[in-house]
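# Overview (structure and organization)
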Amino acid sequence: MSRSIASGPMLAAGLSLLVLAAPAAYAAAPCHPLPNGFEFCAVGSDWEDAESFAFDDAVVLKGDMLWLEIMPLPKEFAGQSLDAMMDSIATELAQDAASEGVPAPDILGRDQFQTATLNAVTMTMTESDNGFEYVVVMAVAESNDRHLVLALDGDETISPPEMEENMRNIAELIRPTEEG
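In this report, we go over the structure that sits alongside the text. Keep in mind that what you see is a predicted model, and the values were worked out from it rather than measured.

What counts and how
- Residues numbered from 1 in each chain as written.
- Predicted model: local features only at pLDDT ≥ 70, side-chain atom pairs only at ≥ 80, totals over all residues.
- Heavy atoms only, no water.
- Helix = DSSP H or I, 4+ residues; strand = E, 2+ residues; numbered from the N terminus.
- Expected span 1.5 Å × (residues − 1).
- Buried < 20%, exposed > 50% of the residue type's maximum accessible area, 1.4 Å probe, protein only.
- Contact = heavy atoms within 4.5 Å.
- Pairing = 2+ DSSP bridges.
- Axes fitted to C-alpha atoms, helices over the stretch in contact; angles between N-to-C directions.
- Core = buried A, V, L, I, M, F, W, Y, C linked by side-chain atoms within 4.5 Å.
- Salt bridge = Lys/Arg side-chain N within 4 Å of Asp/Glu carboxyl O.

Between its terminal C-alpha atoms helix α2 (residues 82-100) stretches 27 Å, which fits the 27 Å expected from 19 residues at 1.5 Å a residue. When we look at burial in α2, the residues that qualify are L82, M85, M86, S88, I89, E92, L93, D96 and A97. Check the buried side of α2 and you find it contacts β6 (106-114), β7 (119-129), β8 (132-143) and β9 (146-154). Backbone geometry just downstream of α2 places G101 in the positive-phi region, at approximately 70°.

Further remarks concern the pairing of strand β2 (residues 38-41). Neither face of β2 is open: one carries F38 and F40, the other E39 and C41, and all of them are buried. Here strand β1 (residues 31-34) folds back onto β2, and the loop between the two strands holds 3 residues, one of which, N36, carries a positive phi near 60°. Of the pairings in the sheet, the one linking β2 to strand β10 (residues 174-176) comprises 3 bridges and is antiparallel in character. Looking at β10, one finds that E39 is bridged to R175.

A word on the sheet that holds β9. Strand order in this open sheet of 7 strands is β3-β4-β5-β9-β8-β7-β6, and the pairing throughout is antiparallel. Each end of this open sheet is capped by a strand with a single partner; those strands are β3 (51-55) and β6. Going across the sheet, the axis of each strand differs from the next one's by a mean of 20°, ignoring polarity. Sheet topology note: the β8/β9 ladder contains 8 bridges and is antiparallel. Within β9, the residue paired with S143 across the bridge is R146. Against the sheet, α2 engages β6, β7, β8 and β9, with an angle of about 15° to β7. Relative to the sheet, helix α3 (residues 160-172) contacts β5 (66-72), β6, β7, β8 and β9, its axis offset from that of β9 by approximately 145°.

Membership of the largest hydrophobic core comes to 28 residues, with the highest contact counts inside it found for F40, W47, L68, L150 and I174. Elements represented by at least two residues in this core include exactly β2, β4 (58-62), β5, β8, β9 and α3. Non-local contacts of L150, meaning those with residues more than four positions away in its chain, are made with L68, E69, I70, V137, M138, A139, A141, M167, I170 and I174.

What follows deals with the pattern of salt bridges. Any two side chains of opposite charge can pair if their charged atoms end up close together. Counted by the stated rule, this structure contains 4 salt bridges. Note that D111 is salt-bridged to R168, the shortest N-O span being 2.2 Å. Here R168 lies in helix α3 and D111 lies in strand β6, a separation of 57 residues in the sequence. Looking at D111, the relative accessible area reads 34%, which means it is partly exposed. Residues participating in the shared-partner salt-bridge network are D83, D87 and R110.

So, in structure tokens, the structure goes:
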């Protein structure tokens, strides 16, 4: 299934050659530049040695068992509350699934949290691909009227609570840049 918002195994498989061929573009830098005036500072974390590359307007980070896509908020969602943005994403995912003749993601829950620099709302869901069910956690994060969308998925053995905790840990590594 091809989506503009979330990544999944099909995107991962389609990009696997890119991952293998692309150098870790930001490996020497303490922080990875992200869209919309943010940075991902992973030094000392499990994500420090993650493979990274740009894909369209997103930054993709590939860990051992996790795949993280960080992208700017679609322009049509601007001006909405975080909850309304997540509602828009859920609607878009369901519409994409319907147009492709596949089941819509099964929404397991939503949550809100704050880090030292971000406010975020998350949506945890399961998706299926080639007979495998896996958990995806989407987040919309905000700081100083700037927004990011994050999509985290991983191995089918990772539970929803583990994925949600991974998303919270990832959000702790994101901060606005001075220039943003």
